[in-house]
Amino acid sequence: MKIGAVAAKTDPGRKRRGNEDAFVCRPPLFAIADGMGGAQAGEVASALAVEPLNETRVDGGGERRLAELIQEANRRVHDRASTDAATSGMGTTITVALVEPDGHIAFGHVGDSRAYRLRGDVLEQVTNDHSLVAELVRRGELSPAEAEVHPQRSVITRALGTDPDIDVDTFTVDAQAGDIYLICSDGLSDMVDHGTLESILRDNRSNLDDAAKALVQAANRAGGEDNITAVLFEIAEGEGSQEPDERTAEQITMEAQSVHVDDEDTLHPEDNVQLPPREDTMVVPASEIAAAMPPPEGEEYEAGAAHKALALLVILALLALIVVLIWWGLAR
Ligand code: MN
């Protein structure tokens, strides 16, 4: 098995002036970082986070190597955020995939950027989001459908840069020839539903450049509320590490950023799916979720009912006491 076609596309979307997403498409290493922070700080955070991935050629080393690289990325973002007031509070997600020489794929992941795998005709999300809504879904407090439109769906529970140490999720999957992997920022996964992602990848599996372009277009047609980035790679049959691609990593990166305007990119009002507004991305550690969330209405009502029941009980007890006192007084 070897790496087949690769592709990348990034776009600021329709609502944001800058692009705070950064990506790496440097086979056998692929990554996305989605920065956040005021002014241009998000851009600084995501750029710093992918630096360690671009500096050295990474050729294996698995989950351990990815965890080291992500820890290094975290140190750089955190160091800058704590010494440069203009970037204070910035952070970034990161999702990295490394295709190993033995055909396994190692993943390292922090935040709500995602990795998916199309195997056969079925698309599966392989990363778990570190987000408030994903946490609530895992706890059974929210349905996946409710999570998709929740106003706090941009609140993430882990990000690079906010602490000197970061808890990195790593895992390894078995690759099969024909698999297509997609790594993307929430500007894609938040705007385009799972079924649409799946059919776009199925329809364009023979040309990943077209697939990446179609994904960005779908996100823009749905409103393009956020920066959109998609990195794709395919696992192919055969020996060797990678199918020849005459483009260098630098060329792929340049092409990914070239803004392509044609009438298909024009926003049609009928395509514009109106999602409920969402708040800006912020980080709330999973341990503080209960404190950050307003109590659900049901619980508030129950708490109120309990108070009323207690008050009623006290009144009844006082009335009973008065009756007993009167009876006692009369009996004398
Ligand atoms: Mn984003």
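Look above for the structure.
Here's a quick rundown of the structure. (Residues numbered from 1 in each chain as written. Predicted model: local features only at pLDDT ≥ 70, side-chain atom pairs only at ≥ 80, totals over all residues. Heavy atoms only, no water.)

1. Points about the overall build of the chain
Phase 1: Of the regular secondary structure elements, the chain holds 10 helices and 13 strands.
Phase 2: Within the chain, residue pairs in contact and separated by at least 24 positions form 75% of the contacts whose partners lie at least 6 positions apart.
Phase 3: Accessible area for the chain stands at about 16800 Å²; split by element, carbon and sulfur atoms hold 54% of it. (Helix = DSSP H or I, 4+ residues; strand = E, 2+ residues; numbered from the N terminus. Contact = heavy atoms within 4.5 Å. Areas by Shrake-Rupley, 256 points an atom, 1.4 Å probe, with all protein chains shown as cover.)

2. A few points about helix α6 (residues 194–203)
Phase 1: Every buried residue of α6 is listed here: Leu197, Glu198, Ile200 and Leu201. The arc enclosing the buried residues of α6, seen along the axis, measures out at 165°, which places them on a common side.
Phase 2: For α6, the secondary structure elements touched by its buried residues are β7 (114–119), β8 (122–125), β11 (180–184), α5 (186–189), α7 (208–221) and β12 (228–236).
Phase 3: Where α6 begins, the side chain of aspartate 193 points an oxygen toward the backbone nitrogen of glycine 195, at a separation of 3.1 Å. (Buried < 20%, exposed > 50% of the residue type's maximum accessible area, 1.4 Å probe, protein only. Arc of directions from axis to C-beta. Polar contact = N/O pair within 3.5 Å; in protein donor to acceptor, adjacent residues only side chain to side chain.)

3. Structural notes on the coordination of the manganese ion
Between any two of four tetrahedral donors, the ideal angle at the metal is 109.5 degrees; between two of six octahedral donors, it is 90 or 180 degrees.
Phase 1: Coordination of the manganese ion by the protein comes from Asp34 (OD), Asp186 (OD) and Asp226 (OD), over a distance range of 2.1 to 2.2 Å.
Phase 2: Every donor residue of the manganese ion comes from the same chain, spaced as D-x151-D-x39-D. A residue pair is termed long-range when its members are at least 10 positions apart, and aspartate 34 in strand β3 (residues 29–36) and aspartate 226 in the loop between α7 and β12 qualify at 192 residues.
Phase 3: Judged by its relative accessible area of 9%, aspartate 34 is buried.
Phase 4: For aspartate 226, a relative accessible area of 4% gives the class buried. (Donors = N, O, S within 2.8 Å, 3.2 Å for Na, K, Ca; no water.)

4. Digging into the side chain of serine 131
Phase 1: For serine 131, the location among the structural elements is in the loop between β8 and α3 (132–138).
Phase 2: For serine 131, a relative accessible area of 2% gives the class buried.
Phase 3: Those residues in contact with serine 131 that sit more than four places away from it in its chain are Asp112, Val155, Ile156 and Thr157.

5. Re unusual backbone geometry
Phase 1: That bond from proline 27 to proline 28 is cis: its omega, 10°, falls within 30 degrees of zero.
Phase 2: Among the secondary structure elements, proline 28 is positioned in the loop between β2 (21–26) and β3.

6. A look at the nonpolar core
Phase 1: Counting residues in hydrophobic clusters, the biggest one holds 27 residues, and the most contacted among them are Leu53, Ile94, Val96 and Leu160.
Phase 2: Looking at this core, the elements with two or more residues in it are β2, β3, α1 (41–55), α2 (62–83), β5 (94–99) and β6 (104–110).
Phase 3: Setting aside its immediate chain neighbours within four residues, leucine 53 contacts Val24, Arg26, Leu29, Ala31, Leu69, Ile94 and Val96. (Core = buried A, V, L, I, M, F, W, Y, C linked by side-chain atoms within 4.5 Å.)

7. A word on the packing of aromatic side chains
Phase 1: As enumerated under the stated definition, the model contains four aromatic pairs in all.
Phase 2: Taking the centre distance of 4.1 Å and the plane angle of 10° together, the rings of phenylalanine 30 and phenylalanine 233 count as stacked. Of this pair, phenylalanine 30 sits in strand β3 while phenylalanine 233 sits in strand β12, placing them 203 residues apart in sequence. Here phenylalanine 30 matches phenylalanine 233 in class, with each residue buried.
Phase 3: On the basis of an interplanar angle of 15° and a centroid distance of 5.1 Å, the ring pair of phenylalanine 107 and phenylalanine 171 is categorised as stacked. One end of the pair, phenylalanine 107, is in strand β6; the other, phenylalanine 171, is in strand β10 (residues 169–174), with 64 residues separating them in the sequence.
Phase 4: Under the relative-accessibility criterion, phenylalanine 171 is labelled partly exposed at 21%.
Phase 5: In this structure an aromatic cluster arises from ring pairing among Phe30, Phe107, Phe171, Tyr181 and Phe233. (Phe/Tyr/Trp six-rings, centres within 6.5 Å; stacked < 30°, edge-to-face > 60°.)

Functional significance is not addressed by these values, which are geometric in nature.
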